[in-house]
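Spelled out, the chains give:
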Amino acid sequence: MPTTLQTIDSIIEESREKWLTTSHAIHAKPEIGNEEYFASAALAKLLTEAGFTVESNVAGHETAFYASFDSGKEGATIAYLAEYDALPVLGHACGHNIIGTTSVAAAIALAEQTKRVGGKVVVLGTPAEEGGPNGSAKGSFVRHGYLKDIDVALMIHPSGRTATTGESLAVNPLDFHFYGQAAHAAAAPEHGINALDAVIQLFTGINALRQQLPSDVRIHGIITNGGEAPNIIPAYASARFYLRASTWAKTEEVTAKVRAIAEGAALATGATVKIERFQNEVKDLVLNATLDSILAEELSDLGEKVYTTKTGLGSTDAGNISYEVPTAHPYIKIGDEDLIAHTDEFREAAASAKGDEALLVGAKALAKTGYRLLTNPALLAQANSDFEVAKHKKIS
């Protein structure tokens, strides 16, 4: 085992320039969700050259891919999650250039070992983690059945400090469309039905609801259309909201209350309302103690100080994967501890020398974790047991 783990390190180190060149190229050419043509092609090329079979344009996303390396020998299937979308304006201020390249490097290193020990390695190229229209593609991978034959899913996310997987918030992303009747606001207001009034009633109703909500619930929204001119009663108005909570079950409960408020706003103003999800729902992470323990050991052996707590709660569509198979979403340090994602400083760190080293360390830890799971059935069984227990708590 030690010799094999050292071999994995060597494989990743020998191709370090390839990984870093790819990461920097993606960083220099940021593409927002579902437009990551360059990044997707660059990562797919690395996998194809390493002997993976790569299917592009999968799960309803042009820039998604499914890559697999089958040893032809019996064994588990280890999947790595590759993200590569950038943020509007800010570029790679969440470090997805590192995430995608790290997962690909880890997969290629592990694939070499499966020739001897058996098993299969998969890379899921998942666009639009940051959301947007048809965003959060991991939900699409689940819906299209790409998780059915996978035993474990792994990835690692850049951060201000190295840490095991932390809690995340589920998100229901909803658009509210209100339809009324246009009329001259001065000459014939009695003939109008004001759709904007319905939107305002929606905000008012949600604000009244807040004092009856648990502390883990977050509701935040904007008006996306408020009418055309002050002297025209708006025939159409709309709002966009994110509804978040600590579990998907609780998010659905809150959603039912908000839907009722929207329907009440429509009734009160005479408008009609259409409610639709503008991107995939994002589920909370189902934590897996066994996977985090292995990753913590590997990261520590590589010189990282590993924390077991995460500051701040955000959302990630890796949560959708974690409801299907045992999943780990740890963090790797790429800069100062006070580094905050979605900032200019984080973007610069994602292409820094420290970011480069984090990419290599993360790839080694992910590949070695995959190897330990392939070669130790008891560890894999324990990860599955953790998954069943943790998921049951989430949905019960």
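Along each chain, residues carry numbers from 1 onward, in the same order as the chain's sequence is written. It should be noted that, the model being predicted, local features are given only for residues of pLDDT at least 70 and side-chain atom pairs only at 80 or more, the latter also being counted only at that level, while totals for whole chains, interfaces and linings use all residues. The side-chain figures draw on all heavy atoms in the structure; neither hydrogens nor water molecules are used.

Q: So, the environment of His-144: which residues are in play, and what are the values?
A: In this text, helices come from DSSP runs of H or I with a minimum length of four residues, and strands from runs of E with a minimum of two, each type numbered from the N-terminal end. The residue His-144 is located in the loop between helix H5 (138-143) and strand S5 (152-154) in this model. Exposed residues in this analysis have more than 50% of their type's maximum accessible area, buried residues have under 20%, and partly exposed residues fall in between, with area computed by a 1.4 Å probe over protein chains only. Classification of His-144 as partly exposed rests on a relative accessible area of 45%. In this structure the C-alpha to C-alpha distance between His-144 and Ser-56, which are 88 residues apart in sequence, comes to 14 Å. Here, two residues are considered to be in contact whenever any of their heavy atoms come within 4.5 Å of each other. Other than its neighbours up to four places away in sequence, His-144 contacts Ala-59 and Gly-60.

Q: Explain the side chain of Glu-83 residue by residue, including any values.
A: Along the chain, Glu-83 turns up in the loop between strand S3 (77-82) and helix H4 (96-117). By relative accessible area, which is 0% here, Glu-83 ends up buried. Pairs of N or O atoms are called polar contacts if they sit within 3.5 Å, as long as, within protein, a hydrogen donor faces a hydrogen acceptor (for residues adjacent in sequence, only side-chain-to-side-chain pairs). Side chain to side chain, Glu-83 and His-96 meet in a polar contact 3.4 Å long. At a separation of 2.8 Å, a polar atom in the side chain of Glu-83 contacts the side chain of Lys-138. Those residues within four positions of Glu-83 in sequence are excluded, and the remaining contacts are His-96, Ile-99, Gly-100, Thr-126, Glu-129, Lys-138, Met-155, Thr-316 and Asp-317.

Q: Describe the environment of Ala-289, and please don't skip the residues or the numbers.
A: Summarising the element assignment, Ala-289 is placed in helix H8 (residues 289-301). With 143 residues separating them in the primary sequence, Ala-289 and Tyr-146 have C-alpha atoms 24 Å apart.

Q: Break down the sheet that holds strand S9 (residues 236-245) for me, citing the residues and quoting the values.
A: Spatially, the 4 strands line up as an open sheet ordered S8-S9-S7-S10, and their pairing is antiparallel. Across the chains shown, the open sheet's two edge strands, defined by having one partner strand only, are strand S8 (218-225) and strand S10 (272-277). Across the sheet, the mean angle from the axis of one strand to that of its neighbour is 20 degrees, orientation sign disregarded. The convention used is that axes are lines fitted to C-alpha atoms, helices contributing only their stretch in contact, and that angles between N-to-C directions extend from 0 to 180 degrees. Against the sheet, helix H7 (residues 248-269) makes contact with strand S7 (170-179), S8, S9 and S10, and its axis sits at roughly 10 degrees relative to S7, the strand it touches most. Two strands are counted as paired when DSSP detects at least two bridges linking them.

Q: Describe the UniProt feature "domain: Peptidase M20 dimerisation" (unreviewed entry) in the chain, naming the residues involved and giving the relevant values.
A: UniProt positions are given in the numbering used here, feature names are shortened, and annotations may be inferred rather than shown by experiment. As annotated by UniProt and renumbered to match this structure, "domain: Peptidase M20 dimerisation" (unreviewed entry) occupies residues 177-265. Taken end to end, residues 177-265 comprises 37% helix and 24% strand; its first and last C-alpha atoms sit 12 Å apart.

Q: How would you sum up the packing of aromatic side chains? Please name residues and give values.
A: A pair of Phe, Tyr and Trp rings is counted when the ring centres sit within 6.5 Å of each other, with Trp represented by its six-membered ring. The angle between the planes then sorts it: under 30 degrees is stacked, over 60 is edge-to-face, the rest tilted. Considering all chains together, one arrives at 8 aromatic pairs under this definition. Measuring from centroid to centroid gives 5.4 Å for Phe-52 and Phe-69, while their planes differ by 50 degrees, and the two rings are tilted. Taken together, the positions of Phe-52 in the loop between helix H3 (37-49) and strand S1 (53-58) and Phe-69 in strand S2 (residues 61-70) put the pair 17 residues apart, joining distant regions of the chain. Seen in terms of ring centroids, Phe-203 and Phe-241 are 4.9 Å apart; in terms of plane orientation they differ by 50 degrees. Their pairing is tilted. Of the two residues, Phe-203 sits in helix H6 (residues 195-209) while Phe-241 sits in strand S9, which places them 38 residues apart along the sequence. Under the relative-accessibility criterion, Phe-203 is labelled partly exposed at 21%. Taken together, the aromatic side chains of Tyr-66, Phe-141 and Tyr-146 make up a single cluster linked through ring pairs. Against the face of Tyr-307 rests Arg-161, its NZ or CZ located 4.0 Å from the ring centre. We call a charge positioned over a ring when the NZ of a Lys or the CZ of an Arg lies within 6 Å of the ring centre and within 35 degrees of the ring normal. Residue placement shows Arg-240 over the ring face of Phe-278; its charged tip is 3.6 Å from the ring centre.

Q: Go over the sheet that holds S3, please, and point to the residues and values.
A: Taken in spatial order, the 6 strands of this open sheet run S1-S2-S4-S3-S5-S11, and their pairing is mixed. Each edge of the sheet is formed by a strand with only one pairing partner; in this case those strands are S1 and strand S11 (327-328). As judged from the 5 bridges shared by S1 and S2, these two strands associate in the antiparallel manner. Among the inter-strand pairings, Val-54 is bridged to a residue of S2, identified as Ala-67.

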